[in-house]
Amino acid sequence: MRKLVDSWISAEREHYGNTLGKAIKGLNATLGMQATCSRVSEWRRGVYHPSNIVLSQMLWRTLPWALKKAGIDTSAEAIYRMRNLLWIIEEQGDKGTRYFL
């Protein structure tokens, strides 16, 4: 899990252009939670582990960046197909919940 947290931070910075603060704000808005920079730091060090829904969201955001880094096709269509193979997506109005684990 520590590696996923590190990769998520890198993906947010390199792929989406977000600072850590913006990435955490987006995570909080998407999941309706109140994570802080210090909590993410604890996840990075392995002091605490993110919940399954947080891990799922981190992987959702990290997947396009990781595929691009590996030199794998990252077209929007390919990402869409990959996500639909790995996640259960429950639509709720204009928002959806994604379950990987």
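Up top you'll find the structure we're talking about.
Reading guide: rules and limits
Residues numbered from 1 in each chain as written. Predicted model: local features only at pLDDT ≥ 70, side-chain atom pairs only at ≥ 80, totals over all residues. Heavy atoms only, no water. Salt bridge = Lys/Arg side-chain N within 4 Å of Asp/Glu carboxyl O. Helix = DSSP H or I, 4+ residues; strand = E, 2+ residues; numbered from the N terminus. Buried < 20%, exposed > 50% of the residue type's maximum accessible area, 1.4 Å probe, protein only. Expected span 1.5 Å × (residues − 1). Contact = heavy atoms within 4.5 Å. Core = buried A, V, L, I, M, F, W, Y, C linked by side-chain atoms within 4.5 Å. Phe/Tyr/Trp six-rings, centres within 6.5 Å; stacked < 30°, edge-to-face > 60°. Lys NZ or Arg CZ within 6 Å of the ring centre and 35° of its normal. Arc of directions from axis to C-beta.

A. Quick look at the pattern of salt bridges. Taken as a whole, this structure holds 6 salt bridges when the rule is applied. The salt bridge partner of Glu-12 is Arg-61, with a shortest N-O separation of 2.8 Å. Pair noted here: Glu-12 is in helix α1 (residues 2-14) and Arg-61 is in helix α4 (residues 52-69), with a separation of 49 residues, a long-range link. For Arg-61, a relative accessible area of 23% puts it in the partly exposed group. Notably, a salt bridge pairs Lys-69 with Glu-14, separated by 3.3 Å at the nearest N-O pair. Taken together, the positions of Lys-69 in helix α4 and Glu-14 in helix α1 put the pair 55 residues apart, joining distant regions of the chain. Each member of the salt-bridge network shares a partner with another, and the members are Arg-13, Glu-14 and Lys-69.

B. View of α1. For α1, spanning 13 residues, the distance from its first C-alpha to its last is 18 Å, which sits close to the expected 18 Å at 1.5 Å a residue. All of the buried residues in α1 are Val-5, Ser-7, Trp-8, Ile-9, Ser-10, Ala-11 and Glu-12. On the buried face of α1, the contacting elements are α2 (20-31), α3 (37-45) and α4.

C. Structural view of the nonpolar core. Counting 11 residues, the largest nonpolar core consists of Val-5, Trp-8, Ile-9, Ala-23, Ile-24, Leu-27, Ala-35, Val-40, Trp-43, Val-54 and Met-58. Elements represented by at least two residues in this core include exactly α1, α2, α3 and α4. Those residues in contact with Val-40 that sit more than four places away from it in its chain are Val-5, Trp-8, Ile-9, Leu-20 and Ile-24. Core analysis: the next-biggest nonpolar cluster, separate from the first, contains 5 residues, Leu-63, Leu-67, Ile-79 and Trp-87 among them.

D. Inspection of the packing of aromatic side chains at higher detail. Applying the stated criterion across every chain yields a total of 1 aromatic pair. Taking the centre distance of 5.2 Å and the plane angle of 85° together, the rings of Trp-60 and Trp-87 count as edge-to-face. Placement of the pair is Trp-60 in helix α4 and Trp-87 in the loop between α5 (76-86) and β1 (88-92), with a sequence separation of 27 residues. Judged by relative accessible area, which is 13%, Trp-60 ranks as buried. Directly above the ring of Tyr-16 sits Arg-61, whose terminal nitrogen or CZ lies 3.6 Å from the centroid. The residue whose ring lies beneath Arg-83 is Trp-60, and the NZ or CZ to ring-centre distance is 4.2 Å.

E. Local environment of α5. Buried residues of α5: Ala-78, Ile-79 and Arg-83, and no others. Looking straight down α5, one finds that the buried residues subtend no more than 130° of arc, so they occupy a single side. Opposite the packed face of α5, turned more than 90 degrees from it, sit the exposed residues Glu-77, Tyr-80 and Leu-85. Looking at the packing, one finds that the buried side of α5 touches α4.

That is the geometry; function is a separate question.
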